Structure formats: C-alpha cells, structure tokens
Amino acid sequence: MTAAPAAGPRAAATFLDALADLVAEGDVVVLSGAGLSTDSGIPDYRGASGSLRRHTPMTYQTFTRDPRGRHRYWARSFVGWRQIRGARPNAGHRAVGDLQAAGLLGGVITQNVDGLHQAGGARDVVELHGGLDRTVCLHCGDVASRAGLDERLHEANPGFGRHSDEVNPDGDAELPEAVLDGFVMVGCLVCGEEALKPDVVFFGETVPRDRVEHCFGLVEGAGSLLVLGSSLTVMSGYRFVLRASRLGIPVAIVNVGATRGDAKADVRVDGPLGEVLPELAARLTG
Ligand SMILES: [Zn+2]
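Residues numbered from 1 in each chain as written. Predicted model: local features only at pLDDT ≥ 70, side-chain atom pairs only at ≥ 80, totals over all residues. Heavy atoms only, no water.

Q: Help me understand the coordination of the zinc ion, please; the structure alone is not making it clear to me.
A: Six octahedral donors around a metal ideally sit at 90 or 180 degrees from one another, while four tetrahedral donors ideally sit at 109.5 degrees. Taken together, Cys137 (SG), Cys140 (SG), Cys188 (SG) and Cys191 (SG) make up the protein donors of the zinc ion, found 2.3 to 2.4 Å from the metal. Considering all four donor atoms around the zinc ion, the spread of angles at the metal, 106 to 115°, places the coordination shape in the tetrahedral class. Counting gaps between the donor residues of the zinc ion yields the pattern C-x2-C-x47-C-x2-C. A relative accessible area of 38% means that cysteine 140 is categorised as partly exposed. (Donors = N, O, S within 2.8 Å, 3.2 Å for Na, K, Ca; no water. Tetrahedral: all angles 85-135°; square planar, octahedral: opposite > 155°, others 65-115°. Buried < 20%, exposed > 50% of the residue type's maximum accessible area, 1.4 Å probe, protein only.)

Q: How should I be thinking about unusual backbone geometry in this particular structure?
A: Excluding glycine, residues mostly have negative phi values, and the peptide bonds linking residues are mostly trans. Although it is not a glycine, aspartate 124 adopts a positive phi angle of roughly 50°. Relative to the elements of secondary structure, aspartate 124 occurs in the loop between α5 (116-119) and β3 (125-127). The exposed category is assigned to aspartate 124, whose relative accessible area is 67%. In this model, leucine 232 sits at a positive phi of 60°, which is unusual for a non-glycine residue. (Helix = DSSP H or I, 4+ residues; strand = E, 2+ residues; numbered from the N terminus.)

Q: In this structure, what is going on with the nonpolar core? I would like to understand it.
A: Most often, soluble globular proteins have nonpolar side chains that are buried together. One finds Leu19, Val23, Leu226, Leu228, Val254 and Leu277 to be the most contacted residues of the largest nonpolar core, which totals 27 residues. Among the elements of the structure, α1 (9-24), β1 (28-32), α4 (91-101), β2 (105-110), β7 (224-228), β8 (251-255), β9 (267-270) and α11 (273-285) are those that each provide at least two residues to this core. Residues within four places of leucine 226 in sequence aside, it is in contact with Leu19, Val23, Val28, Val29, Val30, Leu31, Ala252 and Val254. Counting 24 residues, the second largest nonpolar core, distinct from the first, contains Ile109, Val201, Leu232 and Ile249. (Core = buried A, V, L, I, M, F, W, Y, C linked by side-chain atoms within 4.5 Å. Contact = heavy atoms within 4.5 Å.)

Q: Quick question: what am I supposed to make of the packing of helix α3 (residues 67-86) against helix α6 (residues 146-156) here?
A: For any two helices packed against each other, one specifies the inter-axial angle together with the distance between the axes. Between α3 and α6, the shortest axis-to-axis distance is 11 Å and the interhelical angle comes to 120°. As far as their axial angle goes, α6 and α3 are oblique. With respect to the hand of their crossing, α3 and α6 are arranged in left-handed fashion. Packed against α3, whose contacting residues are Trp74, Ser77, Phe78, Trp81 and Arg85, the element α6 presents Arg146, Leu149, Asp150, Leu153 and His154 at the interface. When grouped by side-chain class, the residues that make up the contact of α3 with α6 number five nonpolar, two polar and three charged. (Axes fitted to C-alpha atoms, helices over the stretch in contact; angles between N-to-C directions. Parallel < 35°, antiparallel > 145°, perpendicular 65-115°, else oblique. Left-handed = near helix turned anticlockwise from the far one by under 90°. Nonpolar A, V, L, I, M, F, W, Y, C, P; charged D, E, K, R; others polar.)

Next up, the structure:
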C-alpha cells in the first residue's frame with residue numbers, strides 16, 4: 001500500500017494505524033464498490049448493468065423500450081452468468097464479515113450486485129444497486145431467482161454460447177450478432193410476459209427511494225463511514241460521503257488510486273483491499 005507522494009512503508013503503516021484506530025471505535029458503516037470484488041474475478045460493472053460487457057453499458061431506457069436490445073442483453077448475460085455464478089468471496093469480503101462478527105460494524109451498504117459480501121459472511125447487507133441473483137418482472141412485479149431462470153434458459157438454448165470462452169478468454173461475452181439473434185428468451189413464470197429484468201439498477205434508473213432513505217439512516221447513525229473499493233464516481237454512492245462529511249462523521253477510504261471523495265476523507269489508504277482489509281481485521285479481531 002502506498003500514499004502519494006513521499007510514501008514509504010512507514011507512511012503506509014501510519015495510514016493503517018489511523019484506519020485501525022477509527023474502526024476500533026465501532027459503529028462503522030461500510031460502503032463498498034467494484035474494487036472489492038475484482039480479486040474475485042468480477043469485472044467492474046459500474047452502475048450495475050449486470051451484463052458482461054466492455055463497451056456500451058445497458059441503460060434502463062434501452063432495456064425497457066428496445067425489445068431487440070433487451071434480447072441481446074439476456075443472450076450476453078446468459079453466457080456471462082457462468083462467471084458470476086462461479087465467483088467466490090475473497091479475503092477482503094471475509095475481512096468485512098469478520099469485522100461485523102466482532103461487532104464493529106453498524107451496517108454494510110454495497111454498490112455491488114454480485115452477492116459476494118453475503119457469501120463472505122456479512123449479514124443484513126443493503127444492496128444499493130440490487131442483486132444479480134434474482135429477476136423482477138416489469139409486467140407483474142414478480143421477483144424470482146436467477147438460478148431458476150438459468151435452468152430454463154439452458155433448456156431453451158442447448159449449447160448456446162458454448163464456444164464463447166474460446167473467443168473471449170477474459171470472459172467478456174461479446175457474441176456475434178447472428179449468434180445473439182438465435183438466442184431464445186423465456187417469459188415470466190407468473191404472467192408469461194417476456195419482461196424479465198435482472199433485479200439491479202441500470203444506468204439511467206434511480207435507486208428506490210426507500211432504499212436510499214434506509215442507507216441515509218444507517219450513515220446518520222454511524223460512528224464512521226468506511227468506503228471500500230469505490231472511486232465514488234456515481235452520485236448514488238458519493239451522496240453518502242457528502243452526508244457523513246456534512247454531519248461531521250469521519251470518513252475513511254480504502255481504494256487503489258484516487259477517488260472523488262478523497263478531499264472529504266479523514267483517513268485514506270491507497271492499497272489493495274485484499275491486503276489492507278485482512279490486516280485490519282487481524283489487528284482488530286485477533
Ligand atoms: Zn410477470
């Protein structure tokens with residue numbers, strides 16, 4: 001871990017000391033982002049589009065108004081789901097679970113949609129941008145499991161995308177158009193409409209108001225706000241840093257590289273979460 005510009009091992013240790021002192025006071029509310037899951041092989045979803053893509057993010061407008069765009073989203077997502085399903089929590093997720101088990105956390109808010117906090121032992125996680133493990137029907141509102149959808153999609157699309165891993169070893173399920181068009185989507189189990197959406201917040205979509213208010217409540221009751229692995233570029237997360245800062249609640253940020261919230265941070269550790277968090281948890285829970 002390093003800090004700009006004249007950082008050496010001693011400076012890094014000092015920042016970790018300051019972080020440990022703050023977290024030891026308890027009632028820490030965690031706000032995590034994509035950087036926490038990169039060690040688990042999850043690409044940076046940025047805004048939780050939920051499909052493995054590198055180029056154009058899916059927007060809510062395209063998804064809801066363009067049947068062809070929606071169809072292609074599901075085709076790519078069907079292939080990309082293998083990578084999500086196979087992902088495992090990393091040392092950073094487990095360290096958050098350990099800090100919570102030790103009674104040091106007042107809440108966990110995540111911008112991630114991968115479910116890895118929960119798999120890593122965290123409880124009562126608020127999924128700010130929803131979760132990829134379930135779908136919601138835009139027609140009737142039914143919420144169903146993604147695993148169940150995956151089974152139905154496999155039945156409807158035997159062999160589909162079988163060779164995509166050879167084409168894109170990095171897991172980006174960018175498929176040729178003709179292949180995408182051959183994908184067969186299935187309908188909602190309740191109403192039958194072909195209107196399923198992953199239960200995640202797309203670009204251009206707002207986070208449900210009650211969820212936001214719940215998070216503000218957590219932050220307002222916090223002893224400190226600990227940002228993990230987020231550059232805070234999207235306002236949906238950054239607003240919690242602004243709220244904490246305005247209320248005089250200390251803000252700590254652990255991230256690789258600069259973040260939008262650095263000027264508001266009382267403690268800043270620039271280092272890999274997979275190293276910083278286990279060290280932090282070892283100090284405080286050992
Ligand atoms: Zn439905």
